[in-house]
Amino acid sequence: MKKKLKIPFARPVININKSINLIKDVLNKNFPNEGEFTRNFEKKISTLLKTKYVITSTSGTSAIFLALKAINVLPEDEVLVPNITFPATANAVKLTGAKVVLVDVNKNDLLINIDDLKKKITRKTKAIIPVHISGRGGNILELIQFAKSKKIKVIEDAAEALTSKSGSRFLGTFGDAGCFSFAPNKIITTGQGGIIVTKDKKIFDSLKRLKDQGRVGMTTGGEDKYSTIGFNFKFTNLQGALGLSQLSNLKKRIKILRENYLIYEKNLNQNDNFRLIGFRIKKGEVPLWTDAYCKKRNALFKYLKTQGVTCRYFWHPLNYCKPYKQSFSKFKNSKFFFKKLIWLPSSLDTSKKDILKVCKLINNFYKT
Ligand SMILES: Cc1ncc(COP(=O)(O)O)c(C=O)c1O
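Analysis parameters
Residues numbered from 1 in each chain as written. Predicted model: local features only at pLDDT ≥ 70, side-chain atom pairs only at ≥ 80, totals over all residues. Near = placed C-beta within 6 Å. Helix = DSSP H or I, 4+ residues; strand = E, 2+ residues; numbered from the N terminus. Nonpolar A, V, L, I, M, F, W, Y, C, P; charged D, E, K, R; others polar. Buried ≥ 20, exposed ≤ 12 C-beta atoms within 10 Å, placed from the backbone. Pairing = 2+ DSSP bridges. Domains from an automatic or database assignment. Contact = placed C-beta atoms within 7 Å.

With that settled, the discussion passes to the site of the ligand. Taken together, 14 residues lie around the ligand, and S59, G60, T61, A159 and S181 are the ones closest in. Only α3 (60-70) and α4 (87-96) provide two or more residues apiece to the shell around the ligand. Each residue belonging to the shell around the ligand can be placed in one class, and the counts come to five nonpolar, seven polar and two charged.

Written out as structure tokens, the structure reads:
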């Protein structure tokens, strides 16, 4: 009997032998808490992204929250967030008590729309969180320049963009701080986990205290000094070991993601019914997940599922979600994309042959 095709949207690719060796080291040292493997992981990310200060956290969500706290976002402030993003971006703002102000996205690349953003600036605007969806960061320089001119802080949500670049610089290193996620469907995963990068020593010092109960300096376990209130967002040595084991073949991971995306780009028929959102590979973007605009999206999803192919629906725009409910009238582009966005299988271990099969199935679906 012919084996049934099973192609996932994304799944972790962990170098088990390498990670087991590192995890054994952690266990042999009997120090599973945050420690030297965490520091080592941070150092490697700092070198990789060519950024001075790097600090781990428990997740991408907590990383964004900490970054907002570190730039002193207060309940009376407003923070601008693109309307199409994972709710984590807006939830992190809500957790600070500040007001979430939703901004429409661009029709070509799903990134925060700068014209709409300009209309939503008020005296209370403290920060903007651009989101590098699927690894795309096209308009970051324009946004940074605008924010600077208005003295507004920028916290980049680069959860999906580790190693993606805009020109010669890595996404996540343009703003006051950049936040990354190591959840299981990212380019590397530590189970859960996140990291914040910044070039600002003051922000870094503040982050260090905020993630560890407001503690100053190393823990002695006893009479430590606590200068502020803080949280427990430690990133353990076990997570560090897992992260380090995957960083060692990062170049290969990037290559696979680029090659896989280019197979989609070359082989999918693009027209009014179906088009890829697209990446600027030559400008340095790393396509973590290949995303597309498509008519009859739910039918396409179901059809592919029957053929053993799992895609992923995009998140609903935030204005459609209960905590952020607003009418679509002010979000024309979000409305255009509503229930028409999909992620195609983008796992690091998807074979070229399987991607070609997905392309064929999609092309056939729109032919009939
Ligand atoms: C755009 C975006 N922002 C934030 C997050 C939150 O990261 P985490 O799941 O690590 O909290 C994610 C996670 O997938 C994301 O895709």
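Further notes follow.
Right, let's get into unusual backbone geometry. Outside of glycine, negative phi angles account for most residues, and trans bonds account for most peptide bonds. The phi torsion at K50 lies on the positive side, around 50°, for a residue other than glycine. By the element assignment, K50 lies in the loop between α2 (36-49) and β1 (53-57). Given 11 C-beta atoms within 10 Å, K50 falls into the exposed group. The backbone of N72 sits at a positive phi, close to 70°, despite the residue not being glycine. Within the secondary structure, N72 is located in the loop between α3 and β2 (78-82).

This next bit is on the sheet that holds strand β13 (residues 291-294). Overall, antiparallel pairing links the four strands, which are arranged β12-β13-β15-β14 in an open sheet. Either end of the sheet is taken by a strand with one partner, and the two such strands are β12 (274-276) and β14 (312-313).

As a further point, take the domain arrangement of the protein chain. Splitting the protein chain by domain gives domain 1 (16-103 + 111-247) and domain 2 (250-367). A straight line from the C-alpha centre of domain 1 to that of domain 2 covers 26 Å. Across the contact, 24 residues belong to domain 1 and 24 residues belong to domain 2. Broken down by secondary-structure element, the contributors of at least two residues to the side of domain 1 that touches domain 2 are α4, β3 (99-103) and β6 (165-166).

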